[in-house]
Structure formats: C-alpha cells, structure tokens
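Architecture and fold: a report
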Amino acid sequence: MRQITVLSGGMGGARFVRGLRHGILSGTLPGVPRNAEVTVVANTADDWWVHGLKVCPDLDTVMYTLGDGIDPGRGWGRRDETWHLNEELAAYGVDRTWFGLGDRDLATHLVRTEMLEAGFPLSQVTEALCRRWLSPGSGGSVRLLPMSDDRVETHVVVTDPDEPSGRRVVHFQEYWVRLRAEVPAQGVVVVGQDAATPAPGVVEAITDADLLVLPPSNPVVSVGTILGLPGVREAVVATAAPVVGLSPIVGGHHVRGMAEQLLAAIGVEASAEAVGRHYGARDAGGVLDGWLVDEQDADGLPGLRGAGLRAAAVPLMMTDDVATAAMAAAAIELVHP
C-alpha cells in the first residue's frame with residue numbers, strides 16, 4: 001500500500017494527515033511501507049477574496065500543519081503570529097477586520113494572489129507554496145492538491161428577521177468567523193460547483209490510490225464539497241482502492257467546528273451513524289466501504305452494518321500524533337482485514 005489519498009478539509013483533516021504521516025514514518029501502519037506517499041486533495045470552497053487577496057483557509061491549514069508552522073492553540077494561522085495589519089485596517093475603519101489576517105500569514109496570501117494574477121492556476125500556485133512547507137526535510141512525502149483551479153464558494157442561508165423573506169445568504173467565512181455559526185442555518189449553496197472541474201491530478205490521485213480516506217472533516221462543507229465536484233464522486237465510486245471514513249461526530253457532537261449546525265441544515269442527524277449513512281455504502285450508491293466511529297457511538301454499529309458498511313468503534317480523539325496514527329491503523333485494518 002504505497003499510495004494513500006485523503007479528501008481533506010482544514011483543521012480535522014490536517015491533524016489526521018499529520019498523524020497518518022507519523023504512522024507511516026514510524027512503521028506502525030499495517031501494510032504501509034515507510035516510503036508510502038500521501039496525496040491530500042483539499043477543499044477550496046471555503047476560499048474567498050478579502051482585502052484584494054485570495055485566501056485559501058483549508059489549503060493553508062494543511063500546509064502549515066504539515067510544515068510545523070501552524071499555531072497549535074488556534075489550530076489555524078501561523079505560529080508566533082502578530083496582528084499589526086489588522087490593527088491598522090481597523091484604525092482606517094475598514095470593514096471585514098473580523099476576518100483576521102496575521103502579518104506572517106499575509107505573506108502567503110500576497111504570493112498566492114500575485115501568482116494568480118500573473119496567470120498561474122491555483123494548483124501550480126499551491127505546488128510553489130508547498131516547496132517551502134512540504135519539502136522532504138519538513139513535510140515528508142506528502143503532495144497537496146486543491147480540489148479545483150476554478151472558483152467555487154460555499155454560501156450559507158441564514159435566518160434574518162430583518163429581511164422580508166426572513167433569511168439571507170452569506171459567504172461561509174462570514175457565517176463561521178463573523179457570525180460564529182450562532183445564527184440558524186437553513187441551507188448550504190455551493191456557488192460555481194456545477195461548472196467547475198477537478199484540478200490536475202485530483203481524479204488520478206483517487207483512481208490510482210491503494211487506499212482512499214475520508215478523514216474527520218466536516219461532511220457538508222469540506223468533504224461534501226469535494227465529493228460534489230463533477231467527476232470526483234464518480235472517481236470515488238470507480239476506484240479499485242478501498243474507501244474508509246472516520247466520523248467527525250463523537251457522542252452526538254462535533255469535536256470542533258460547525259458540523260452539527262450544517263448537518264441540520266441539510267436534514268442529517270448529528271450522529272456518527274447518521275453521517276456514515278449519509279455517505280453511504282459504495283455497493284448501495286454511496287462512497288464508503290468502511291466507517292469508523294468512536295467507542296461511545298458503538299450502539300450505531302448494527303445499523304451501519306445493516307446499511308452495507310464495514311464498521312468498527314475505536315477511540316477517535318486526535319489528542320496527539322500517536323493517537324491519530326492509531327486511528328489511521330484502525331481504518332486500514334477495517335478495510336484490509
């Protein structure tokens with residue numbers, strides 16, 4: 001098993017991949033050699049333009065996490081960050097200072113924007129940025145791909161009593177950062193998705209993989225937006241690789257983020273069993289072969305197995321790289337018994 005592909009969001013996916021890499025390098029993953037390669041296909045539907053800059057939160061979170069540049073407390077942004085830029089913008093009365101751009105982080109967005117405006121596609125820009133963060137000395141054998149070079153943006157329909165319709169549509173970043181996901185969500189709209197195409201290498205990373213993993217990322221606005229890209233779900237269904245997922249819901253709640261709110265917006269119960277059923281078994285029109293839940297959600301195993309999934313319950317809290325590597329090992333064992 002030399003090629004593992006992961007469909008990733010930001011923080012949860014990034015931490016999983018870091019633990020997966022630890023397991024590979026430590027030789028603790030069954031059937032996986034130390035020279036195995038990992039390809040991460042990252043969600044780009046959270047991307048947006050702010051202050052004239054192209055910001056790609058999930059790509060950057062994966063890149064910084066694997067390159068040991070992430071802020072360990074926040075789980076996003078740069079380590080040892082300062083915020084002089086944001087302070088100056090606020091002093092000018094500029095709107096959107098609620099979306100903080102740190103001074104170190106700003107350099108990434110400046111380089112990305114300059115390259116995009118020079119005509120380079122996002123996939124080539126990401127490859128250039130990763131030469132710093134994912135070099136063999138710092139990142140191991142990990143390749144990071146954006147899901148698409150095309151502009152795709154997630155918007156959330158929220159309750160707003162001041163609007164005649166009683167609702168309005170906001171960009172995902174406004175929903176998550178400014179509104180803190182505290183306003184009821186009525187729906188999710190992914191703008192530009194239907195016309196977008198997978199970035200170069202994405203379909204091949206899925207079809208040529210020896211193992212495909214859906215990590216504990218948001219099933220609606222992270223993994224869900226990748227699977228919703230034309231051609232991606234078809235590649236997942238067609239790949240000869242086993243497909244295994246790990247639940248982001250533990251004990252009826254998301255560990256971090258806003259999965260509960262957005263699952264409710266699409267009519268899916270916030271439970272490990274319900275999310276597994278939402279993804280579905282490949283032989284029944286879904287995308288999974290196996291689904292891992294946390295030990296406290298073991299009561300959902302019979303229902304998952306009845307839905308055609310291999311299912312098991314193991315500890316799913318990513319407390320450190322060793323614990324996360326153990327999760328990855330359990331995922332492999334589930335679909336490679």
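Predicted, not measured: the structure shown is a model, and the values here were computed from it. (Residues numbered from 1 in each chain as written. Predicted model: local features only at pLDDT ≥ 70, side-chain atom pairs only at ≥ 80, totals over all residues. Heavy atoms only, no water.)

1. As for the overall build of the chain
Definition in use: Starting at the N terminus, helices and strands are each numbered in turn, a helix being any DSSP run of H or I of at least four residues and a strand any DSSP run of E of at least two. C-alpha atoms define the radius of gyration, and 2.2 Å times the number of residues to the power 0.38 defines the globule rule. Residue exposure (1.4 Å probe, protein chains only): buried if accessible area is under 20% of the type maximum, exposed if over 50%, otherwise partly exposed. Contacts are assigned to residue pairs with any non-hydrogen atoms lying within 4.5 Å of each other. Using a 1.4 Å probe, the Shrake-Rupley method yields the accessible areas, and only the shown protein chains count as cover for residues. For the charge count, each Lys or Arg is scored as positive and each Asp or Glu as negative, with His and the chain ends excluded. Lysine's charge is taken at NZ, arginine's at CZ, aspartate's at CG and glutamate's at CD.
If you tally the helices and strands in the chain, you get 13 helices and 14 strands. The globule rule puts the C-alpha radius of gyration for 337 residues at 20 Å, and the 19 Å found for the chain is close to it. Overall, the C-alpha framework of the chain stretches about 60 × 50 × 35 Å when taken along its three principal axes. Per-residue burial over the chain gives 53% buried out of 337 residues. The long-range fraction of contacts in the chain, counting pairs at least 24 apart against all pairs at least 6 apart in sequence, stands at 69%. Total accessible area computed for the chain in this model is approximately 14,000 Å², and 51% of it derives from carbon and sulfur atoms. Each charge sign in the chain was given a centre, from 26 positive and 42 negative side chains, and these centres are 3 Å apart.

2. What to know about the packing of helix α2 (residues 57-66) against helix α5 (residues 122-133)
Note the threshold: Axis definition: a line fitted to C-alpha atoms, limited for helices to the stretch in contact. Angles are taken between N-to-C directions and run from 0 to 180 degrees. Roughly parallel means an angle under 35 degrees; roughly antiparallel, over 145; roughly perpendicular, 65 to 115; everything else is oblique. For any pair of crossing helices, the crossing counts as left-handed if the nearer helix is rotated counterclockwise from the farther one by less than a right angle, and right-handed if it is rotated clockwise. Gly counts as polar in this scheme, as do all residues outside two lists: the nonpolar Ala, Val, Leu, Ile, Met, Phe, Trp, Tyr, Cys and Pro, and the charged Asp, Glu, Lys and Arg.
Relative to each other, α2 and α5 sit at 20°, their axes nearing to 10 Å. Between α2 and α5, the angle is such that the two are roughly parallel. Considering how the two elements wind past one another, α2 and α5 form a crossing that is right-handed. Residue-level contacts link Leu59, Met63, Tyr64 and Leu66 of α2 to Leu122, Thr126, Leu129, Cys130 and Trp133 of α5. Residues of the contact of α2 with α5, tallied by class, amount to eight nonpolar, one polar and no charged.

3. Some words on the sheet that holds strand β1 (residues 3-8)
Where we set the bar: At least two bridges found by DSSP between two strands are what make those strands a pair.
Strand order across the open sheet formed by seven strands is β5-β2-β1-β9-β10-β13-β14, with parallel pairing between neighbours. With partners counted over all chains shown, the strands left at the sheet margins are β5 (142-146) and β14 (310-313), one partner each. The sheet shows a mean angle of 20° between the axes of neighbouring strands, direction not considered. The sheet contact formed by strand β9 (residues 211-214) and strand β10 (residues 243-246) spans three bridges and is parallel. Directly across from Val213, in β10, lies its bridge partner Val244. Along the sheet, helix α11 (residues 272-279) contacts β9 and β13 (290-293); its crossing angle with β13, the most-contacted strand, is approximately 165°.

4. Examining the side chain of Asp58
Defined as follows: Salt bridges are defined by distance alone: a side-chain nitrogen of Lys or Arg within 4 Å of a carboxyl oxygen of Asp or Glu.
Positionally, Asp58 belongs in helix α2. In this structure, Asp58 is buried with no salt-bridge partner, the nearest side chain bearing the opposite charge being Arg112 at 11 Å. For Asp58, the residues in contact, after removing those within four places along its chain, are Gly9, Gly10, Asn43, Asp46 and Ser222.

5. Here's the deal with the packing of helix α1 (residues 11-26) against helix α13 (residues 321-335)
Contact geometry for α1 and α13: axes closest at 7 Å, N-to-C directions at 85°. When the interaxial angle is binned, α1 and α13 end up roughly perpendicular. Contacts from Arg15, Phe16, Arg18, Gly19, Leu20, His22 and Gly23 of α1 reach α13 at Asp321, Val322, Thr324, Ala325 and Ala328. Here the residues of the contact of α1 with α13 are counted per class, giving five nonpolar, four polar and three charged.

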